[in-house]
Structures are given as structure tokens and as C-alpha cells.
Amino acid sequence: MEPEQASLGDRLLLIVLGALFAFVFSMAIQLWIVPRVERRKRREERWERDVLALGELLTAEIPALATAAQRDAYVMQRLHKDYADSDSPEDILRKTQEDASESIARYKAAARVRAGWLVDRIVSLDQVAIELTDLQRRWTRFDHQAAMCTFWNLPQRDFTEDQFDRDWKRQDNALSELTAEVTTLARRSHPPRRSARRRIGESLVRWRDRVRRRLPGADSLSADQRVQADPGAPPHR
């Protein structure tokens with residue numbers, strides 16, 4: 001009977017250990033894996049909404065606002081230049097300047113403020129992913145050109161049609177490049193991420209730094225580090 005009782009005890013122990021392992025495994029899934037997956041899913045959904053919103057802004061709203069701003073600014077600059085040395089109709093000049101300022105303000109709100117906010121949200125997902133660094137570079141160029149165009153909201157004494165047209169042409173080109181980049185992102189089935197090799201390397205660096213911080217004397221500088229930081233400091237004894 002003793003061998004049979006020992007065998008029964010072993011089986012009961014295995015059953016208890018198996019149940020305990022299953023319980024720990026299910027709790028780990030519920031407490032760690034499931035929230036992690038849900039967070040990633042929410043981030044991807046937010047990223048997709050932001051990309052689509054940015055695409056609609058670049059393809060539909062900003063071009064129309066840019067056309068209106070360019071037209072009103074040109075009329076204002078042309079009239080102020082033509083009437084610079086003569087009696088000018090103050091009411092007409094004031095009205096054209098108000099129209100130009102309002103049009104450019106609406107263009108700036110969409111092209112620089114709203115678009116910039118969406119780009120920041122998109123890029124914040126992974127600031128070193130190649131596709132997102134390309135987006136950031138395209139956005140920086142477009143934002144610079146848009147800023148140059150907003151300077152035409154007031155009459156310029158040195159106004160020339162060549163410079164005016166050049167600024168808005170560069171804005172059109174930068175907008176086209178940015179739109180193409182966003183279109184490419186919108187076709188992806190998931191957000192871009194840094195390469196697996198880079199993620200592993202960064203994880204190893206973080207692990208190494210944590211280990212170093214836990215070593216004795218990690219908070220103190222070595223003698224060589226002290227000399228490099230402050231050549232005039234006395235040597236560490």
C-alpha cells in the first residue's frame with residue numbers, strides 16, 4: 001500500500017502544481033500581456049486616425065486655403081505697390097489688407113498649427129523609425145515654406161511678383177512632397193517601427209545601464225572622469 005500511496009501523493013502534487021502553474025500563467029496574461037496588447041491596439045488606432053486626418057487636411061483643406069491666401073495677398077500687394085506714390089483709396093486698401101490678413105491667418109491655422117499638431121502625434125509613436133523621420137523632414141521643409149508665405153500678410157515695400165510667386169511655388173512643391181509621404185503611410189496596415197536589430201540593441205543598452213547603476217560606487221565618478229569633468233579639481237584620494 002505504501003508505494004500506491006506515494007504514487008497517489010505524487011499525482012496529487014503534480015495536479016496541484018499544474019493547477020498553480022496554470023493559474024499563474026493566466027494571471028500573467030491578464031495582468032501583463034492583455035493590457036500591453038490593448039495599449040498597442042489603441043496606439044495603432046489613434047495613429048491611423050491621425051494619419052487619415054492629416055491626409056484629408058493636406059489634400060482638401062490646405063490647398064484651398066493656400067489658393068485663397070495667395071490670391072488675396074497678391075491683390076493687396078499689387079494695389080499697395082501701384083498706389084504707393086499717389087493718392088490711394090484708403091478704404092479699398094484697408095479692405096484688401098484685411099482680406100489678406102484673414103486669409104493668411106486661416107491658412108496658417110491649418111497649414112502650420114493643425115497640421116503640425118497631427119505630425120507631432122504621428123511621429124511620437126516612434127521617433128527613430130525611418131518612415132517617421134522622413135515624415136518629420138518633409139514636414140519641416142513644408143512648415144518653413146508655409147512660414148515664408150505668411151510673411152506676405154502685410155504690404156511689402158520691396159514686393160516683386162517673382163519673389164511672391166517663388167515663395168508660393170516652393171510651398172506647393174513642399175506640400176506635394178509632404179502629401180506623398182503621408183499617402184505612403186496611409187497605405188500601411190500597421191504603424192512603422194524601428195528595426196528589430198535596433199530595438200534589441202536599445203534593450204541591451206538599457207539593461208547594461210541598469211546593471212551599472214546597481215554596482216557599488218556607481219554614483220561616484222572615477223578619477224579619470226573627475227579630471228575630464230573638471231581639470232582643476234584635486235585628484236580623488
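Computed from a predicted structure; not experimentally measured.

**Remarks on the environment of Pro89**
Within the secondary structure, Pro89 sits in the loop between α1 (2-82) and α2 (90-123). Looking at Pro89, the relative accessible area reads 24%, which means it is partly exposed. The sequence separation of Pro89 and Leu79 amounts to 10 residues, and the corresponding C-alpha distance is 9.8 Å.

**Observations concerning the pattern of salt bridges**
Pairs can form between side chains of opposite charge once their charged atoms are near each other. All told, the structure shown has 13 salt bridges when counted by the stated rule. Arg138 is the salt-bridge partner of Glu177, the closest N and O atoms lying 3.3 Å from each other. Of this pair, Glu177 sits in helix α4 (residues 161-186) while Arg138 sits in helix α3 (residues 130-150); the two residues are 39 residues apart in sequence, bridging distant segments of the chain. For Glu177, the salt bridge goes to Arg141, with nearest N and O atoms at 3.0 Å. Within this pair, whereas Glu177 is found in helix α4, its partner Arg141 is found in helix α3, the two being separated by 36 residues in sequence. By sharing partners, the salt bridges in this structure join Arg138, Arg141, Glu177 and Glu181 into a single network.

**Regarding the packing of aromatic side chains**
Counted by the stated rule, this structure contains 8 aromatic pairs. Look at Phe159 and Phe164: their rings are 5.9 Å apart centre to centre, the planes differ by 70°, and that puts the pair in the edge-to-face class. Accessibility assignment for this pair places Phe159 and Phe164 in one class, buried. With a centroid separation of 6.3 Å and 50° between ring planes, the pair formed by Phe164 and Trp168 is classed as tilted. With Phe164 and Trp168 both in helix α4 and 4 residues apart, the pair spans about one turn of that helix. Through pairs of rings, three or more aromatic residues link up here, namely Tyr74, Tyr107, Trp152, Phe159, Phe164 and Trp168.

**Description of a positive patch on the surface**
There is a patch of like positive charges on the surface, built from Arg36, Arg39, Arg40, Arg42 and Arg43. Counting through the fold element by element, Arg39 comes out in helix α1. Residue classification places Arg39 among the partly exposed residues on the basis of a relative accessible area of 45%.

**Focus: the confidence of the model for the chain**
The predicted model of the chain has a mean per-residue pLDDT of 79, with 71% of residues at 70 or higher. Within the chain, the element-level pLDDT minimum falls on helix α6 (residues 223-229), averaging 43, and the maximum on α4, averaging 95. For residues 220-237, every residue scores under 50 in pLDDT, and the model assigns this stretch 3 contacts once sequence neighbours within four places are set aside.

Conventions used here
Residues numbered from 1 in each chain as written. Predicted model: local features only at pLDDT ≥ 70, side-chain atom pairs only at ≥ 80, totals over all residues. Heavy atoms only, no water. Helix = DSSP H or I, 4+ residues; strand = E, 2+ residues; numbered from the N terminus. Buried < 20%, exposed > 50% of the residue type's maximum accessible area, 1.4 Å probe, protein only. Salt bridge = Lys/Arg side-chain N within 4 Å of Asp/Glu carboxyl O. Phe/Tyr/Trp six-rings, centres within 6.5 Å; stacked < 30°, edge-to-face > 60°. Patch = residues over 30% accessible without salt bridge, like charges linked within 9 Å, V, L, I, M, F, W, Y side chains within 5 Å. Areas by Shrake-Rupley, 256 points an atom, 1.4 Å probe, with all protein chains shown as cover. Lys, Arg positive; Asp, Glu negative; His and termini not counted. Charge placed at Lys NZ, Arg CZ, Asp CG, Glu CD. pLDDT = per-residue confidence, 0-100. Contact = heavy atoms within 4.5 Å.

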